[in-house]
Amino acid sequence: MTIKKFKLTAMALALSVSGLFAQTAIADVNPALIAAASQDGKVPSLAPMLKQVLPSVVNISIKGKKEVAGPSFNIPEEFKFMFPEFNSMPRQREFRALGSGVIVDAKKGYIVTNYHVVDGADDIRVALSDGREFEGKVIGGDEHTDLALIQLKDFSDLVAIEFSDSDNIEVGDFAIAIGNPFGLGQTVTSGIISGLGRSGLNIENIENFIQTDAAINSGNSGGALIDFNGKLIGINTAILGPNGGNIGIGFAIPVNMVKNVISQIQEFGEVKRGQLGITGSALTADLAKNFGYNQTAGAFVNEVLDKSAAQKAGIKPGDIITSIDGKKINSFGELRAKIATQAVGKEITLGIFRDGKELNVKVKLDASEQITAESSKSLSKYFEGAELSNTDQGVEITKLDKNSNAARFGLREGDIIKGVNRNNIKTLNDLQKYLKDSNGKLNAILIQRGNSTLFITVR
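Residues numbered from 1 in each chain as written. Predicted model: local features only at pLDDT ≥ 70, side-chain atom pairs only at ≥ 80, totals over all residues. Heavy atoms only, no water.

Asker: What is the right way to look at the overall build of the protein in this model?
Answerer: For the protein, the count of helices and strands is 10 helices and 30 strands. Excluding contacts between residues fewer than 6 apart, the proportion of contacts in the protein whose partners are at least 24 apart in sequence is 62%. (Helix = DSSP H or I, 4+ residues; strand = E, 2+ residues; numbered from the N terminus. Contact = heavy atoms within 4.5 Å.)

Asker: Even after reading the chapter, I still don't get the pairing of strand 12 (residues 209-212), so can you show me in this structure?
Answerer: Strand residues, when the strand is regular, have side chains that alternate between the two faces of the sheet. Here strand 12 shows a buried face lined by F209 and Q211 and a second buried face lined by I210 and T212. Note that strand 11 (residues 187-198) and strand 12 share three bridges and pair antiparallel. Along strand 12, the bridge assignment pairs G195 with Q211. Two elements, strand 12 and strand 15 (residues 250-254), share three bridges in a ladder whose sense is antiparallel. Residue pairing in the sheet places T212 in a bridge with G250 of strand 15. (Buried < 20%, exposed > 50% of the residue type's maximum accessible area, 1.4 Å probe, protein only. Pairing = 2+ DSSP bridges.)

Asker: Before we go on, may I ask you to explain the packing of aromatic side chains in this structure?
Answerer: Both the distance between ring centres and the angle between the ring planes are used here to describe each pair of aromatic rings. Enumeration according to the criterion identifies five aromatic pairs in this entry. Ring plane angle 50° and centroid distance 4.7 Å describe the contact between Y293 and F353, whose orientation is recorded as tilted. Taken as a pair, Y293 in the loop between helix 6 (285-290) and strand 18 (299-304) and F353 in strand 21 (residues 347-354) lie far apart in primary sequence, 60 residues in all. Each member of the pair Y293 and F353 is classed as buried. With a centroid separation of 4.9 Å and 45° between ring planes, the pair formed by Y382 and F409 is classed as tilted. On the criterion of sequence distance, the pair formed by Y382 in the loop between strand 24 (370-371) and strand 25 (386-390) and F409 in helix 9 (residues 405-409) is long-range, its members being 27 residues apart. (Phe/Tyr/Trp six-rings, centres within 6.5 Å; stacked < 30°, edge-to-face > 60°.)

Asker: Help me understand the side chain of T145 in this model?
Answerer: Position of T145 among the secondary structure elements: in the loop between strand 7 (133-142) and strand 8 (147-152). Here T145 is in contact with I206, I253, M257, V261, R273 and T341, once residues within four sequence places are set aside.

Asker: Looking at this structure, I do not really get helix 10 (residues 428-437). What am I missing?
Answerer: Since the α-helix turns once every 3.6 residues, residues separated by three or four places project in the same direction. When we look at burial in helix 10, the residues that qualify are L428, L431, Y434 and L435. Viewed end-on, helix 10 has its buried residues packed into an arc of 135°, placing them on one side of the element. For helix 10, the exposed residues set more than 90 degrees away from the buried face come down to K433 and D437. (Arc of directions from axis to C-beta.)

Asker: How should I be thinking about the layout of surface pockets in this particular structure?
Answerer: Think of a ball as big as a water molecule: rolled over the atoms, this probe shows where empty space is left. Within this model, the second largest pocket holds a volume of roughly 510 Å³. Lining the second largest pocket are 24 residues, and of these S166, D167, N256, E334 and K338 sit closest to its centre. Where the lining of the second largest pocket is concerned, the elements lending two or more residues are strand 11, strand 12, helix 5 (255-268), strand 20 (327-328) and helix 8 (332-340). Among the elements that line the lining of the second largest pocket, the one with the most residues is helix 5, at four residues. Of the residues contributing to the lining of the second largest pocket, the split by class is seven nonpolar, nine polar and eight charged. (1 Å grid on protein atoms, 1.4 Å probe; cavity = no way out; pocket = protein on both sides within 12 Å on 5 of 7 lines; lining within 4 Å. Points joined across faces, edges and corners; volume = space filled by probe spheres on them. Nonpolar A, V, L, I, M, F, W, Y, C, P; charged D, E, K, R; others polar.)

Asker: Looking at this structure, how should I read the pattern of salt bridges?
Answerer: When charged atoms on two side chains of opposite charge get close, those side chains can pair. In the structure shown here, the tally under the stated rule is 10 salt bridges. Notably, a salt bridge pairs D130 with R132, separated by 2.9 Å at the nearest N-O pair. Among the ionic pairs, K327 bridges to D167, the shortest N-O distance being 3.3 Å. On the criterion of sequence distance, the pair formed by K327 in strand 20 and D167 in the loop between strand 9 (162-163) and strand 10 (174-179) is long-range, its members being 160 residues apart. A relative accessible area of 30% means that D167 is categorised as partly exposed. The network of salt bridges with common partners includes D165, D167, K327, E334 and K338. (Salt bridge = Lys/Arg side-chain N within 4 Å of Asp/Glu carboxyl O.)

Structure follows, in structure tokens:
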């Protein structure tokens, strides 16, 4: 079995809901659906609801270029003249890809999709269900949640989807997936919510997936997972199965995470991730019993980092975090995902179990003090593979992949970044701001290495 992201293709319509309403309570179902079921004894149908929703799900086709790995990239710049055969090799290749998206703001022309769908895109075309096509541009994206925001150009007459509250869905609720599997066209499949709070799948760094058995295949990426009222509950992003085929295990990003991420992208053009400042673990039955807690839903706090938001709020090692803003937390992975999609400076209320008592603690989230090796490429290709952290002296390279771009560029573990060109660098925020303002371009990095200082230059 493998876990796969997937990409999308063009449009038509298929619907299969036979046997879906056996043993179904319809008290909370869309009235239009109930009406359709009662007229002239017809078989219940999702068609009335889908007619309202399908215009908000779109096809995305992209063109772009990606770096091609090759021997020439491992040769220092000053020695490449000795290997002309490598210098003539193409360093980039053109690619085309297809995906789906969901219109989330009809007035501004905003569409949410997966980050991996538009990663590296130079040209984006968006096709609506009525056949119209528009050009799109990426406003911003977040690789760790696999979400991106696109804005259409010269658009008109769009239909936005309505959001549900993914904190209120339950295992067993019916779910409908809309996407474009295997290039067949716009396709609708149905099933149930099979699980919540799924993590540890090694897909993205921030995981809190909805699991569904609604058929999701290669090509559904970025499409909509909706409830029976036609409201968005998630963005389809991955499947578990051989060769990209459906075996009844698909994953979607909860819409509440989507809302938090896209609101930050709209405001800042990026995600400024809040940080609580703890390390933790799963709450096992034995661990809960030892701490006098009679449940296994929650997040156990192993360590509270010095000077962190958690320490300032009075959170202690051994605490069990049970809720965020009154909403239950089932696991440490769910806590991590929800905190990581909150904005820096956001004040939240955590439910805490400590010494047999339930407490409510208000916490103001700090900015992240670290950029991981996996995400450092978002700063610049020259930092890819370097883990960066704030220190009292500046931004330190705390870990380094020896085969990474950063290592080939000349960076080393323990280096302190003091400046970029003429700009002084004291914190990660300084580094991010400068590189963003300069579109990631840099010519010289001032490094403190032990007792020496040096410039590393880019040619």
